[in-house]
Amino acid sequence: MGKGFYISKAVAVTCVVVAIAAVATIIALSVVYAQEKSKNEAISPPTTSPDTTTITPTTPSTPKEPWQRYRLPDSLAPVSYNVTLWPRLKTNADGLYIFSGHSTVVFTCVKETDLILIHSNRLNLTAFEGYHAKLKGLDGATAPSLKNTWLEVPTQYLVIQLSGPLQAGSKYELFTEFVGELADDLGGFYRSEYFEDGVKKVVATTQMQPTDARKAFPCFDEPAMKAVFHMTLIHPQETVALSNAMNYGKFLSQYPVNITMDGQKLIQTRFEPTEIMSTYLLAFVVCDFLTSTLLKAIEEGQGNYALEKTGPILSFFENYYNSSYPLTKSDQIALPDFSAGAMENWGLITYRETALLYNPDVSSNGDKEWVATVISHELAHMWFGNLVTMKWWNDLWLNEGFATYVSYLGANYAEPTWKMKDLIVLNEIVGVMAVDALASSHPLSSKEEDIQMPEHISELFDSITYSKGAAVLRMLSEFITETVFSKGLSTYLEEFKYKNTVYTDLWKHLQMVTGIKLPSSVEVIMNRWILQMGFPVVTIDTKTGKITQKHFLLDPDSVVDRPSEFNYEWFVPITWIKTGVERQQYWLVDKEATNNDMMLNANDWLVANVDMRGFYRVNYDAGNWELSLFTFQDIPVINRAQIIDDAFNLARAEMVNTTLALRTTKFLNKEVEYMPWQTARNNLDYYFLMFDRSEVYGPMQAYIKRQVSPLFNYFKDLTLNWTKIPESHTDQYNQVNAISLACSTGVKGCRDLTTGWFREWMKNSTNNKISPNLKSTVYCSAIAAGGVEEWDFAWSMYKNATIASEAEKLMHALSCTKQPWLLNRYLQYCLDPEKIRKQDATITIIYIASNPIGQPLAWDFIRANWNHIFNDYGGGSFSFGGIINGVTKRFSTEFDYKQLLQFKEDNAGQLGSATTALEQALERTKANMNWVAMNKKQVLEWFTSETSSPV
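Parameters and conventions
Residues numbered from 1 in each chain as written. Predicted model: local features only at pLDDT ≥ 70, side-chain atom pairs only at ≥ 80, totals over all residues. Heavy atoms only, no water. UniProt positions renumbered as here; feature names shortened; annotations may be inferred. Helix = DSSP H or I, 4+ residues; strand = E, 2+ residues; numbered from the N terminus. Rg over C-alpha atoms; globule rule 2.2 N^0.38 Å. Areas by Shrake-Rupley, 256 points an atom, 1.4 Å probe, with all protein chains shown as cover. Lys, Arg positive; Asp, Glu negative; His and termini not counted. Charge placed at Lys NZ, Arg CZ, Asp CG, Glu CD. Core = buried A, V, L, I, M, F, W, Y, C linked by side-chain atoms within 4.5 Å. Buried < 20%, exposed > 50% of the residue type's maximum accessible area, 1.4 Å probe, protein only. Contact = heavy atoms within 4.5 Å. Axes fitted to C-alpha atoms, helices over the stretch in contact; angles between N-to-C directions. Parallel < 35°, antiparallel > 145°, perpendicular 65-115°, else oblique. Left-handed = near helix turned anticlockwise from the far one by under 90°. Nonpolar A, V, L, I, M, F, W, Y, C, P; charged D, E, K, R; others polar. Salt bridge = Lys/Arg side-chain N within 4 Å of Asp/Glu carboxyl O. Expected span 1.5 Å × (residues − 1). Phe/Tyr/Trp six-rings, centres within 6.5 Å; stacked < 30°, edge-to-face > 60°. Lys NZ or Arg CZ within 6 Å of the ring centre and 35° of its normal. Pairing = 2+ DSSP bridges.

As annotated in an unreviewed UniProt entry, the chain carries the name Aminopeptidase and is attributed to Lates calcarifer. As stated in UniProt under Sequence similarities (unreviewed entry), the record for the chain gives "Belongs to the peptidase M1 family."

Next up, the structure:
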């Protein structure tokens with residue numbers, strides 16, 4: 001989502017540029033593993049139904065009927081679908097974009113039943129003799145007549161009651177014809193818009209995961225209801241149609257069949273049957289192909305990097321899984337409007353533009369890393385998730401956590417100098433530990449019966465699922481070894497290909513191949529990490545060798561009301577270094593134990609959780625903390641970052657003194673590595689959130705200015721006075737930290753540097769000489785220092801940006817202004833899709849809320865517009881949980897807490913996927929209130945003391 005990879009088929013790599021526009025670029029990258037079959041077969045277009053009246057939905061109210069439950073019964077199993085869809089890329093007489101189509105699903109009756117439930121949502125179904133569908137028997141089976149049909153709106157079913165039973169073991173065929181809206185809600189079959197030379201262009205595209213295939217055609221829309229799909233798309237001349245499988249033309253540029261319908265000359269593209277797959281992995285796209293900007297897009301080479309790395313990453317995974325790529329092609333397409341980062345549709349991966357397109361003249365190394373890791377994530381799914389799929393959404397963590405973990409392995413293979421295996425610690429693990437340390441967190445794996453409604457499923461797409469999932473799988477891979485982990489995956493994929501599994505199936509396969517001595521089975525060990533929320537803090541007393549574990553909570557006063565069958569104890573793999581030498585791993589399997597090897601002599605020191613391989617925090621006795629602080633430069637770089645992160649979080653949990661945490665930053669004036677600096681910055685950001693409107697702010701700024709000045713000068717020298725780019729990937733990141741912190745704290749020369757660069761660009765807007773890596777921080781710094789002139793210039797550049805990553809940098813920088821009226825104007829733009837695309841509205845509001853001046857404005861805006869956002873603007877395009885988290889990060893007063901409670905009360909029933917986030921915000925606000933009350937005085941005294949004393 002290479003090297004050492006063996007494939008018997010010739011690899012043909014083609015790059016098809018579909019369209020490029022002023023702001024939006026669409027590019028399809030196709031990696032083709034076999035020659036397409038040359039078939040130009042036409043099928044009959046949709047016929048006019050004998051009765052085209054639309055039946056008004058009715059909802060019987062008998063409680064506890066099968067159609068009032070959100071899960072499908074196990075009486076029917078789909079075999080195949082034959083679906084034809086015709087999206088209209090121009091509005092009809094009512095001003096609506098629509099699509100029409102018909103679907104035939106062949107299914108087997110598993111258990112005798114007189115009821116058919118099939119998902120259908122927001123589709124107007126054609127009536128046939130008063131019923132919503134037609135049913136017939138296959139292979140000699142006789143279909144009972146239809147007795148009653150209706151649409152059950154709450155559970156999104158087409159309900160079909162029969163006059164007699166379907167026979168177990170028999171096959172049947174259900175036909176439906178329908179019309180739906182090609183809306184701009186970013187879910188199901190939807191439309192995306194962009195402008196080219198002032199002309200609006202429309203793309204018809206899809207996002208089915210998790211429960212929106214039912215918006216495109218009636219289907220058994222659950223992951224375990226796998227089937228083969230025969231897709232046909234009808235589309236305008238001079239457009240191209242893509243889907244999961246190859247079309248029957250020899251090449252993508254060879255249009256299959258010209259047809260005429262309703263007086264319109266159209267193209268009918270028929271696709272080969274898919275492999276057996278889940279509905280949520282379906283995809284189809286219709287977009288403009290023959291445009292005047294085709295050559296320009298190729299010359300710009302925005303897809304070159306993705307194309308260059310797709311092959312090696314696919315190679316890596318074929319070798320890693322010991323399994324050939326399952327399909328005949330892999331298309332990757334970037335879309336102007338897309339709610340997620342990317343989607344692993346089998347054979348047709350869809351992306352946001354920033355996740356696939358890279359321009360070396362404009363895009364930063366961070367943009368490049370994002371492209372590599374997202375491609376790697378999606379390609380990892382081609383096997384893990386697509387070939388073998390979770391039975392139900394409660395195991396989403398295994399699907400997404402796994403892809404997140406191995407995406408770093410794939411990216412590391414593609415870019416071996418980037419240290420991607422290290423960067424997973426910063427990018428995934430450190431951040432999710434803060435979430436999982438809340439009493440309102442949730443286990444990785446939920447009970448199947450607890451995840452029923454679509455909104456329950458949507459809530460699972462969070463950092464626990466992705467990042468904690470990645471962290472615990474990384475930990476597992478470390479303690480059984482990567483070789484064993486890979487071997488177990490191979491046998492797992494082989495046994496369950498084209499099927500569905502539960503997480504214990506993977507544990508069994510890993511257990512079968514492991515030869516490593518473990519304290520218990522893989523399943524017993526891992527159940528403690530996935531079936532209970534949170535993680536432990538391991539405390540090591542180096543005077544006695546005593547080791548203890550305890551459920552780590554950021555707020556020690558929070559109440560954990562979620563029971564655990566394991567009593568919040570874990571089997572903890574403790575890796576450790578003693579005075580620079582790594583020692584044998586120790587397993588802590590009880591609440592406390594003693595390891596005499598961990599007793600230290602004078603001048604010895606100990607650091608546990610080497611390279612943060614385990615998902616836990618570490619606390620020490622006071623003596624070892626002191627030794628660690630004095631031997632920082634002898635400690636491996638990831639553990640230098642870990643010590644900072646652990647100390648700050650332990651201090652927030654009242655397990656160590658706050659001044660101990662602050663003292664871990666004192667060595668930063670001698671540190672030049674990225675990971676410790678970024679970790680310190682992440683943790684000090686919390687202090688800014690709590691204190692940037694109080695008297696602590698001044699001394700804190702002065703301290704950070706003193707610490708960052710040597711780093712600023714280091715990079716000034718390394719880059720020959722800012723004229724060259726550092727060679728190391730992580731040095732390039734840390735250069736940004738140096739400039740950003742130096743400018744925000746007033747280091748001499750920094751603000752003049754950034755505003756000078758920006759002013760130079762304003763004088764000649766066609767010649768931006770600012771280094772791509774530095775653009776984000778330079779833009780933000782200059783707009784913060786400037787006024788309406790700088791803001792309006794940046795807005796103009798944003799609206800005219802032709803590169804998505806450039807637009808994203810400007811979108812963020814516009815939130816840096818210190819002018820409230822500009823921030824309010826920017827917030828209003830978030831409700832106008834002509835100004836801020838729907839897919840970007842959430843993050844823009846969060847950016848504004850990250851500005852201390854913008855935070856109260858964003859909170860007022862959200863409260864005033866919640867009803868409109870929730871009900872009218874489109875749930876598919878807004879991350880409600882993300883908004884709540886973003887705008888409430890600074891909350892730390894009783895007044896803030898009461899406002900949150902009032903918001904919860906005012907919007908009861910329409911919080912949707914924000915429900916959990918709101919509970920977390922309430923808990924976090926309480927914790928912040930307690931922390932500020934307890935620590936403000938000593939934090940002020942510490943920063944004041946440090947800045948008044950000589951270095």
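Having seen the model, we can carry on.
Engineer: What is the right way to look at the overall build of the chain in this model?
Structural biologist: Assigned secondary structure in the chain consists of 26 helices and 29 strands. Its C-alpha atoms give the chain a radius of gyration of 29 Å, near enough to 30 Å, the size a compact globule of 951 residues would have. With the C-alpha coordinates aligned to their principal axes, the bounding extent of the chain is approximately 90 × 65 × 60 Å. With the model as given, the accessible surface of the chain reaches about 35400 Å², and the carbon-plus-sulfur share is 51%. The average position of the 83 basic charges and that of the 103 acidic charges among the side chains of the chain differ by 3 Å.

Engineer: Just to check I follow, could you spell out the nonpolar core for this structure?
Structural biologist: Y321 and W507 are the most contacted members of the largest nonpolar core, which has 293 residues in total. Ignoring any residue separated from it by four or fewer positions in sequence, one finds W507 in contact with W397, L473, L476, V522, E523, M526, N527 and I530. Formed by six residues, the second largest nonpolar core is a distinct cluster that contains W86, I234, V257 and L266.

Engineer: Please explain the packing of helix α7 (residues 463-480) against helix α10 (residues 522-530) as it appears in this structure.
Structural biologist: Packed helices, taken two at a time, are described by the angle their axes make and the gap between the axes. Packing of α7 against α10 leaves a shortest axis separation of 11 Å and a crossing angle of 150 degrees. Here α7 is positioned roughly antiparallel relative to α10, judged by the angle of their axes. As for how α7 packs across α10, the hand of that crossing is right-handed. In this structure, α7 contributes K468, V472, M475, L476 and F479 to the contact, and α10 contributes V522, I525, M526 and W529. Residues belonging to the contact of α7 with α10 are distributed by class as follows: eight nonpolar, no polar and one charged.

Engineer: How do you make sense of the pattern of salt bridges when you look at a structure like this?
Structural biologist: In this structure the tally under the stated criterion is 43 salt bridges. E193 is paired through a salt bridge with K200; the nearest N and O atoms lie 3.8 Å apart. According to the relative accessible area criterion, K200 is partly exposed, its value standing at 38%. As a salt-bridge pair, K497 and E494 come within 3.3 Å of each other at their nearest N and O atoms. Residue classification places K497 among the partly exposed positions, given a relative accessible area of 35%.

Engineer: Can you help me understand helix α19 (residues 788-799) in this one?
Structural biologist: Side chains of residues three or four places apart in an α-helix project in the same direction, reflecting 3.6 residues per turn. Here α19 is twelve residues long and its end C-alpha atoms lie 16 Å apart, about the 16 Å a rise of 1.5 Å per residue gives. Considered for burial, the residues of α19 that qualify are E790, W791, F793, A794, W795, M797 and Y798. Its buried side turned inward, α19 meets α17 (750-763), α18 (775-785), α20 (804-813), α21 (820-829) and α22 (838-850).

Engineer: Any chance you could explain the packing of aromatic side chains here in plain terms?
Structural biologist: Each aromatic ring pair is summarised here by two numbers: the centre-to-centre distance and the angle between the ring planes. Tallied over the entire structure, the rule returns 61 aromatic pairs. Ring centres of Y81 and F229 lie 4.7 Å apart, and the angle between their planes is 5 degrees; on these two criteria the pair is classed as stacked. With Y81 in strand β3 (residues 76-87) and F229 in strand β13 (residues 228-236), the pair connects residues that are 148 residues apart, well separated along the chain. Considered together, Y81 and F229 belong to a single accessibility category, that of buried residues. Ring centres of F758 and W761 lie 5.7 Å apart, and the angle between their planes is 85 degrees; on these two criteria the pair is classed as edge-to-face. In this pair, F758 and W761 both sit in helix α17, three residues apart, roughly one turn of the helix. An identical accessibility class is assigned to F758 and W761; each is buried. The ring of Y686 carries R652 above its face, with NZ or CZ at 3.5 Å from the centroid.

Engineer: Quick question: what am I supposed to make of the sheet that holds strand β27 (residues 592-594) here?
Structural biologist: Sheet strands pair via backbone hydrogen bonds, and the direction of the pair is either parallel or antiparallel. Reading across the sheet, the four strands line up as β27-β24-β23-β29 and stay open at both edges, with mixed pairing between neighbours. The sheet is open, and its two borders are formed by β27 and β29 (617-620), each paired with just one other strand. Direction aside, neighbouring strands of the sheet carry axes that sit 20 degrees apart on average. Two strands pair when backbone bridges link them, and strand β24 (residues 546-551) and β27 are joined in this way by three bridges, in the antiparallel orientation.

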